[in-house]
Protein chains: 2
Amino acid sequence: MSTVTSKTLKNVRPMGGPATDMHITDGVFSADAPTGAEVIDGGGRILIPGLVEAHTHLDKSLLGLPWYRNEVGPRLIDKINNEREVKVSLGLDPQVQSERHAILAMSHGCTHIRSHVDVDTHHGLAGIEGVMATREKLAGMIDIQIVAFPQSGMMTRPGTAELMDEALAMGADLVGGIDPCGMEHDPKGHLDTVFALAGKHGKPIDIHLHERDALGWFSMEEIIDRTVALGMQGKVSISHAFCLGAVDRAYVAGLQEKLAENRIHILTTAPASAPVPMVKELKAQGILTGAGCDGIRDTWGPYGNSDMLEKAMQIGMRNNLRRDDEVELALEICTFGGAAIMEVDGYGLEPGCRADCLLVEGETLAEAVVTHAPRKLVLKAGAVIARDGACVIEAP
Amino acid sequence: MSTVTSKTLKNVRPMGGPATDMHITDGVFSADAPTGAEVIDGGGRILIPGLVEAHTHLDKSLLGLPWYRNEVGPRLIDKINNEREVKVSLGLDPQVQSERHAILAMSHGCTHIRSHVDVDTHHGLAGIEGVMATREKLAGMIDIQIVAFPQSGMMTRPGTAELMDEALAMGADLVGGIDPCGMEHDPKGHLDTVFALAGKHGKPIDIHLHERDALGWFSMEEIIDRTVALGMQGKVSISHAFCLGAVDRAYVAGLQEKLAENRIHILTTAPASAPVPMVKELKAQGILTGAGCDGIRDTWGPYGNSDMLEKAMQIGMRNNLRRDDEVELALEICTFGGAAIMEVDGYGLEPGCRADCLLVEGETLAEAVVTHAPRKLVLKAGAVIARDGACVIEAP
């Protein structure tokens, strides 16, 4: 990895605008040219800030392993139970897998990741330890936020809440949660525990909510009530939020009003086969929205490649975004939206922002999204981390 | 283009099975090795029959043109009206555009295309003439079926039916149709005209049906009734068929039973933002199913790249296909399914089949679908038409 963090990027087009030169001094965008710095010709390509993967699972991809033949049952619990077992039979090492996964993301221009990491009584804190080791190893090349995630349930598996507490003490950045009704069968118990852990450790919350329609609305309202009661406005995210894709748009609009009021953020994975939050509505109602690839190439399913520019395309297709300004919204979600939710300091292309950025192919931002060609160049704090679609360091 | 049509493909894995050698004699798979033929090392890659693009619009992509900034309104009719005008202002040449589009498809391993081609009183038969010229020009390298398609309506635009008649006399292979209620406002008039044209020219039918729920069911039942009355079983396809994605699965199951009984085929484009026919149900009920990319990079929207292996992935994601056998169904739809609907003779990898095939990357068929890496080699009747993701001929 090059450690040169001062550069001039000649002939680049910030956010698809007119061609210009961009200066980077000691890893930060600057109005003036650094003295004697490296000059890189951008060839008229578009410059955008680093892609933000705001919902994934670094501990569980099967990248680098022989093909896993998926014969898993159709229910959520089938996938959860299968995975807990298969991790053992495959000898999955969360450190190795998370490093492979993060390096793949970097090759596509990702500079920030929020990862949920399983905490359960079967594997204890092995996932958290593994992803923390990767975070340490890749420090400076990619920023990783860790959510302690009770994938297998806390209420239904005694001992998990204590492990969650330990994970947060060790260095996990957020408290995770999962379907308080559908998975946990005890919404009060689950959410009280999640919010108590957040209060104890002074950390934000990011809850998986797959529950649909009225069930999801109920759980979401329970989350909103606790956010208000505990003054946690701005510190709570809800991932997936399939219930916001429900047919009853009037009810959903009311719910979204309450989310906006209390600055509760939404992270969408935009699956093609489930109801999804409608990103144009979220934008119109002033709800911060980010996105993620979710798990990739894992025991849940074979899809995904950790490319957030391709995810922007999928968000566009899922939300029927066809106009250029609409496709640009999908990209905004995968950049500025995720960065705001992750509270990234100095994100963007303005002077003073950290030079986390990438050069993408295309005449316009919309073209960059729909073609999502391999990235020409990716910089993290001004240093090159990927070129022509390949990361400068090799995966283990 | 190489005209050598006898070959031995060494070390390839037909349909992801064990490695073997495959022989091609004069463009046809053969049990025995041809004498003195070219030998190609497949490097253990998977061999599959040619990809079948069974629903696209060759006459209208904007490939090769400067980026088209889409600011079109949200309704179907906005898109149709805009397109008819923009074709003039951009000076879109259907011959050039269809050649660019077909060559892109070939680069991805497509060996057969069914294309709807606009017929309207504004552009007359220019589209049909252009795509017919491309079909002639690329003969032997890709097979193109042409559907005369009244995109702007027949009932609402007098003179269109006569142009459709002329298109079919000139050499269009199928009669097209479009939303008999939603677009045409005269289901009886529209469908009677479509079926009369089919009867007169002895040609099959492929109707666009975007209508949802009960409206689509009504139109579909009108199509079924005419298919039965006119003895056209096996000769009618319905494209899109969003109404089969409706919530009322019992009603849909009954409708699908009637489709199966009368051998009416379904062509899905698997959009992420609309209800879609559920491919596992279609399979279970014995309905032939093919797929297509629909229009790509056109005035309707910026998405699409004419890669039917990527479309297989999208079908998988839209239908929540996660198990390997399910992902293989998505691939089957984009190969054997489309070929059966297009009544392609000698399709497959058996001795006696025409050597239309491609080498794809991956340990398994499912991996080939989800990664859809650039194709190593594409053969049409034994001749190389693409290598490493690039067609052997250049687009205009």
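Note that the structure is predicted; figures quoted are calculated from it, not measured.

K.L.:
Explanation requested: the overall build of chain A in the structure shown.
P.N.:
Summing up its helical and strand segments, chain A has eleven helices and 17 strands in all. Taken over C-alpha atoms, the radius of gyration comes to 20 Å for chain A, in line with the 21 Å a tight globule of 396 residues would show. Projected onto its principal axes, the C-alpha positions of chain A cover 60 × 50 × 40 Å. Evaluated residue by residue, chain A yields a buried proportion of 62% over its 396 residues. Across chain A, every contact between residues at least 6 apart in sequence was considered, and the portion connecting residues at least 24 apart equals 76%. Counting every atom, chain A has about 13700 Å² of accessible surface; 53% of that belongs to carbon and sulfur.

K.L.:
Sorry if this is basic, but what is going on with the relation of the copies chain A and chain B here?
P.N.:
Superposition of the two copies of the chain requires a rotation about an axis and a shift along the axis. Screw-axis analysis of chain A against chain B gives a translation of 0.0 Å along the axis, an RMSD of 0.0 Å, and a rotation angle of 180°. Accordingly, the operation relating the two chain copies is best matched by a two-fold axis. Measuring from the rotation axis to each C-alpha of chain A, the shortest distance belongs to A:Ala272, at 2.4 Å. With an isologous cut-off of 70% or more, the 100% of interface residues of chain A that recur at the interface of chain B puts this contact in the isologous class.

K.L.:
Would you mind showing me how to read unusual backbone geometry here?
P.N.:
Excluding glycine, a negative phi dihedral is what most residues carry, and trans is how most peptide bonds are arranged. Residue and element names in this part refer to chain A. Notably, Ala 241 is not glycine yet its phi reads approximately 50°, a positive angle. By secondary structure assignment, the location of Ala 241 is in the loop between β11 (236-240) and α7 (249-261). The phi dihedral of Arg 263 falls on the positive side, at around 45°, and the residue is not glycine. Within the secondary structure, Arg 263 is located in the loop between α7 and β12 (265-268).

K.L.:
Honestly, the sheet that holds strand β9 (residues 174-178) of chain B in this entry has me stumped. Any pointers?
P.N.:
Sheets are built from strands that pair by backbone hydrogen bonding, the pairs being arranged parallel or antiparallel. Residues and elements named next belong to chain B. Pairing in this open sheet of eight strands is parallel, and the strands run β6-β7-β8-β9-β10-β11-β12-β13 from one edge to the other. Each of the sheet's edge strands pairs with one partner strand only, and the pair in question is β6 (51-56) and β13 (289-291). Adjacent strand axes in the sheet meet at a mean angle of 25° when their direction is disregarded. As judged from the three bridges shared by strand β12 (residues 265-268) and β13, these two strands associate in the parallel manner. Of the residues in β13, the one forming a bridge with Leu 267 is Gly 290.

Rules and cut-offs
Residues numbered from 1 in each chain as written. Chains lettered and ligands numbered in written order. Predicted model: local features only at pLDDT ≥ 70, side-chain atom pairs only at ≥ 80, totals over all residues. Heavy atoms only, no water. Helix = DSSP H or I, 4+ residues; strand = E, 2+ residues; numbered from the N terminus. Rg over C-alpha atoms; globule rule 2.2 N^0.38 Å. Buried < 20%, exposed > 50% of the residue type's maximum accessible area, 1.4 Å probe, protein only. Contact = heavy atoms within 4.5 Å. Areas by Shrake-Rupley, 256 points an atom, 1.4 Å probe, with all protein chains shown as cover. Least-squares fit on C-alpha atoms with pLDDT ≥ 70 in both. Pairing = 2+ DSSP bridges. Axes fitted to C-alpha atoms, helices over the stretch in contact; angles between N-to-C directions.

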